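# Breakdown of the fold
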Amino acid sequence: MPEEPECCGTGQPAKFSGQEPRTQPQKPRTTKQSRASLFNDLSPTSAWDSRLCTCIQLYHRSVWRAIAMSEKLEKDLEDAEANEQLDTEQAINVYRTIIASPVGEESVDDINRIKENTIYKLASLLAKLGRVQELSQLLKDIRPFADAISKAKTAKIVRTLIDMVALIPNTTSVQIELCNDSVAWANETKRTFLRQRIETRLAALHLEAKQYQTALNLISALARQVKKLDDKLLLVEIHLIESRIQHALRNLPKAKAALTAARTNANAIYCPPALQTQLDMQAGVLHADDNDYKTAYSYFFETFEGLSTLNDPSAVLALKYMLLSKIMTHNTEDVDQIIQGKTALRYAGREVEAMRAVAGAHHKRSLHDFELALANYNQELKQDAIIEAHLSALYDKLLEQNLTRIVEPFSKVEIGHVAELIMLPVHDVETKLSQMILDKKLNGILDQGAGLLIVFDEVVEDKTYTASLGTIKNMGKVVDALFEKARGVA
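Read on for a plain summary of the structure. Keep in mind that what you see is a predicted model, and the values were worked out from it rather than measured. (Residues numbered from 1 in each chain as written. Predicted model: local features only at pLDDT ≥ 70, side-chain atom pairs only at ≥ 80, totals over all residues. Heavy atoms only, no water.)

## Let's talk about the overall build of the protein
- Along the protein, the regular secondary structure elements total 22 helices and three strands.
- Long-range contacts, defined here as pairs at least 24 residues apart, represent 62% of the contacts in the protein between residues at least 6 apart. (Helix = DSSP H or I, 4+ residues; strand = E, 2+ residues; numbered from the N terminus. Contact = heavy atoms within 4.5 Å.)

## Re the packing of aromatic side chains
- Taken as a whole, this structure holds four aromatic pairs when the rule is applied.
- Here the aromatic rings of Phe304 and Tyr347 are separated by 5.7 Å at their centres, their planes lie at 65°, and the arrangement is edge-to-face. Here Tyr347 lies in the loop between helix 15 (333-339) and helix 16 (350-364) and Phe304 lies in helix 13 (residues 293-309), a separation of 43 residues in the sequence. Exposure class is identical for Phe304 and Tyr347. Each is buried.
- Between Phe370 and Tyr395, the ring centres sit 5.6 Å apart and the planes meet at 45°, which makes this aromatic pair tilted. On the criterion of sequence distance, the pair formed by Phe370 in helix 17 (residues 367-376) and Tyr395 in helix 19 (residues 385-407) is long-range, its members being 25 residues apart.
- With relative accessibility at 17%, the residue Tyr395 sits in the buried group.
- The ring of Tyr297 is capped by Lys326, whose NZ or CZ atom sits 4.5 Å from the centre of that ring. (Phe/Tyr/Trp six-rings, centres within 6.5 Å; stacked < 30°, edge-to-face > 60°. Buried < 20%, exposed > 50% of the residue type's maximum accessible area, 1.4 Å probe, protein only. Lys NZ or Arg CZ within 6 Å of the ring centre and 35° of its normal.)

## Some details on the sheet that holds strand 2 (residues 444-447)
- In space, the three strands of this open sheet follow the order 1-3-2, with antiparallel pairing throughout. With one partner strand each, in any of the chains shown, strand 1 (412-414) and strand 2 form the two edges of the open sheet. With strand direction ignored, the average angle separating the axes of adjacent strands in the sheet is 20°.
- Relative to the sheet, helix 20 (residues 415-422) contacts strand 1, strand 2 and strand 3 (452-455), its axis offset from that of strand 1 by approximately 70°. (Pairing = 2+ DSSP bridges. Axes fitted to C-alpha atoms, helices over the stretch in contact; angles between N-to-C directions.)

## A few points about the packing of helix 8 (residues 192-208) against helix 10 (residues 232-248)
- Taken N-terminus to C-terminus, the directions of helix 8 and helix 10 make an angle of 15°; their axes are 10 Å apart at the nearest point. Put simply, helix 8 runs roughly parallel to helix 10. Read as a crossing pair, helix 8 and helix 10 show a hand that is left-handed. In this structure, helix 8 contributes Gln196, Arg197, Thr200, Ala203, Ala204 and Leu207 to the contact, and helix 10 contributes Leu234, Glu237, Ile238, Ile241, Arg244, Ile245 and Ala248.
- Per-class residue counts for the contact of helix 8 with helix 10 are eight nonpolar, two polar and three charged. (Parallel < 35°, antiparallel > 145°, perpendicular 65-115°, else oblique. Left-handed = near helix turned anticlockwise from the far one by under 90°. Nonpolar A, V, L, I, M, F, W, Y, C, P; charged D, E, K, R; others polar.)

## Digging into the pairing of strand 3
- Pairing between strand 1 and strand 3: three bridges, direction antiparallel. By the bridge assignment for strand 3, Glu414 is matched with Leu452.
- With four bridges joining them, strand 2 and strand 3 adopt antiparallel strand pairing. In the sheet register, Ile445 faces strand 3, and the bridge partner there is Ile454.

## Looking at the pattern of salt bridges
- In this structure the tally under the stated criterion is 22 salt bridges.
- Between Glu89 and Arg131 there is a salt bridge, with its nearest N and O atoms 2.3 Å apart. Of this pair, Glu89 sits in helix 2 (residues 88-100) while Arg131 sits in the loop between helix 3 (109-129) and helix 4 (132-141), and the two are 42 residues apart along the sequence.
- Exposure remark for Arg131: the relative accessible area of 23% places this residue in the partly exposed category.
- Across the salt bridge formed by Glu199 and Arg195, the nearest N and O atoms sit 3.1 Å from each other. (Salt bridge = Lys/Arg side-chain N within 4 Å of Asp/Glu carboxyl O.)

Written out as structure tokens, the structure is:
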């Protein structure tokens, strides 16, 4: 570090006298100018002027230290960023050294800005390397630095670091632990804004972990608090998560009510495009559960267009839901047309090919091809609960149609023969036939002792008795009316 001057000044030698007004010290020059020009000799003429000179000297020395420290940290940051690919461990150590540098009274905005950028770079690097524990520890290590910056910047840093942890697969439990710890810290430091947003994220993580009741209790308490503050943007997120929780609990009326509340708050403010796509996605899911696949398709299409504009990788999920809606409405010929569209081609892969295989099996009404598609694309089709539920309903419908077509020519047929024709296990066929008989979709009985299905002819209902009863009922009304009139005349 260069040697500090003995005295500092205001740019020009100052002359003081007891009666003349003293000139205010000028703002120090920028770092690009020579630091030597910041320091000039003062000629105090009294004891009071001597004390003022000492204060000016201390002020300029603190500024000089801050400038020197800022330049050093910025140079270290640039060197670490340049060598990040060559020596990752060395870059991580440098990043940590910059973050751990002391935060004193001489700190200025430039130093805080450098430290903030360093935190983001270190978090991004640790996320790429998959170091979950080190990333979690980083969130705790920056807490002393949070006292030197605004609460808004602290909230941004904490939420960004939690998002970085989410980029690492299979870290839901770590994120929940991290959020709980951050909520406790936010309560201690009275950071209400940050606590509410972390709790919103925590509720979403509980939903992801299928801890539905815990998520519902947390989001309900949070909704009551935020309504008092009238933070509509946060209310939109809260009601959206509540709708997803209620949908997972199969409470569709409350899920629709929560989504309506989210849309009402969203209409009162500017809703970010990313959040709007999530609202459209949830609306499409709820309409699909009501078997209104045409309306659901329109919502999924809006979601897909919005996410594609944002270059969001989750757009492929909206595309899968679009294709599912077409399959469920028996418009399988539209599937290839959608997949070959200009926007959809960007998301070509196993996810899309899985839906194409299901559409082909449905078009052929082939249970064998349907099961083959489920086996070949197990992860793509069964990992998503929504797709799995609708495909399960579609499979049952196809199975019923195939069984009805097979047993239609027979009055009595062996269950084993039906199983051979449909290429399914005897037990599964027997279970489905009994279910169809109980649901009155098939008129017959099962002779389990002989292993036979006995199909009855459809009984044509004789409407003579029904018509006769209707005639008698109407005649009774006529007689009653005549009786009332006769009694009135009498």
